Amino acid sequence: MALATLFVLTLASGLSYLAWHWVLEPLGLEYLHILVFILLIAAVVQITELIVRATSPLLHELLGVFLPLITTNCAVLGVALLNLDRRHDLLESLVFGSVRGCRLWPRPAAVRRPAVSASKSGEVPQAFRGAPIASSPPA
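Because the structure is a prediction, the values reported are computed rather than measured. (Residues numbered from 1 in each chain as written. Predicted model: local features only at pLDDT ≥ 70, side-chain atom pairs only at ≥ 80, totals over all residues. Heavy atoms only, no water.)

1. Looking at the confidence of the model for the protein chain
At step 1: On average, residues of the protein chain score 76 in pLDDT, and 67% of them are at 70 or above.
At step 2: This model gives residues 109–113 a pLDDT under 50, and the stretch forms four contacts once residues within four places in sequence are excluded. (pLDDT = per-residue confidence, 0-100. Contact = heavy atoms within 4.5 Å.)

Now the structure itself:
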């Protein structure tokens, strides 16, 4: 999922740069930038989904509905708008999108973290028993 989002962020950053500088600005349609960026992001996500489906049907099945949900990810639109606001050129836009996408990569320390620290005996406190919780195994 992180790779798909990284791909979408990078490609959407480059395409939004091109759309702004080659279409919107020359035609005086700057006010349409959010709509155009959303459409570009949706198109990139669809292309990504087609690529994943063609290259790895098992991965496509595992990701299920989560792959199209990248479209609604505010980070993708945010990166496109930040590129515009910071006046990045095409290469800077691509690098900025890639770096932001890499920040979504799971870190080993963040993959499994106990929600509530267990008591010294290794038991979950009474108040949290029965609730969804990931406790550490006793040492």
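2. Describing the environment of Glu25
At step 1: Within the secondary structure layout, Glu25 lies in helix H1 (residues 2–27).
At step 2: Setting aside residues up to four positions removed in sequence, Glu25 forms contacts with Trp20 and Glu30. (Helix = DSSP H or I, 4+ residues; strand = E, 2+ residues; numbered from the N terminus.)

3. Structural notes on unusual backbone geometry
At step 1: Positive phi is not limited to glycine here, since Arg87 has a value of about 55°.
At step 2: As for its placement among the helices and strands, Arg87 is situated in the loop between helix H4 (74–85) and helix H5 (90–102).

4. A word on H1
Helical periodicity: at 3.6 residues per turn, an α-helix aligns residues three or four positions apart in one direction.
At step 1: Here H1 is 26 residues long and its end C-alpha atoms lie 35 Å apart, about the 38 Å a rise of 1.5 Å per residue gives.
At step 2: The largest bend in H1 amounts to roughly 40° and is located at Trp20.
At step 3: Downstream of H1 by one or two residues, Gly28 has phi in the positive range, about 70°. (Expected span 1.5 Å × (residues − 1). Bend = angle between axes of the 7 residues up to and from the residue.)

5. Describing H5
At step 1: The terminal C-alpha atoms of H5 lie 18 Å apart, and with 13 residues this matches the ideal 18 Å at 1.5 Å per residue to within 8%.
At step 2: Within H5 the residues assigned to the buried category are Ser93, Phe96, Gly97 and Gly101. Along the long axis of H5, the arc covered by the buried residues comes to 130°, so they all point the same way.
At step 3: A side-chain oxygen of the first residue of H5 lies 3.2 Å from the backbone nitrogen of Leu91; this N-cap is Asp89. (Buried < 20%, exposed > 50% of the residue type's maximum accessible area, 1.4 Å probe, protein only. Arc of directions from axis to C-beta. Polar contact = N/O pair within 3.5 Å; in protein donor to acceptor, adjacent residues only side chain to side chain.)

6. Overview of the pattern of salt bridges
At step 1: All chains considered together, the criterion is met by one salt bridge.
At step 2: With its nearest N and O atoms 3.7 Å apart, the salt bridge here joins Arg53 to Glu49. Of this pair, Arg53 and Glu49 are both found in helix H2 (residues 33–55), four residues apart, which corresponds to roughly one turn of the helix. (Salt bridge = Lys/Arg side-chain N within 4 Å of Asp/Glu carboxyl O.)

7. Describing a nonpolar patch on the surface
At step 1: A contiguous nonpolar patch, built from Phe7, Leu11, Ile47 and Ile51 and spanning about 310 Å² of accessible area, is present on the exposed surface.
At step 2: With respect to the secondary-structure elements, Ile51 resides in helix H2.
At step 3: Its relative accessible area of 41% is what places Ile51 among the partly exposed residues. (Patch = residues over 30% accessible without salt bridge, like charges linked within 9 Å, V, L, I, M, F, W, Y side chains within 5 Å. Areas by Shrake-Rupley, 256 points an atom, 1.4 Å probe, with all protein chains shown as cover.)

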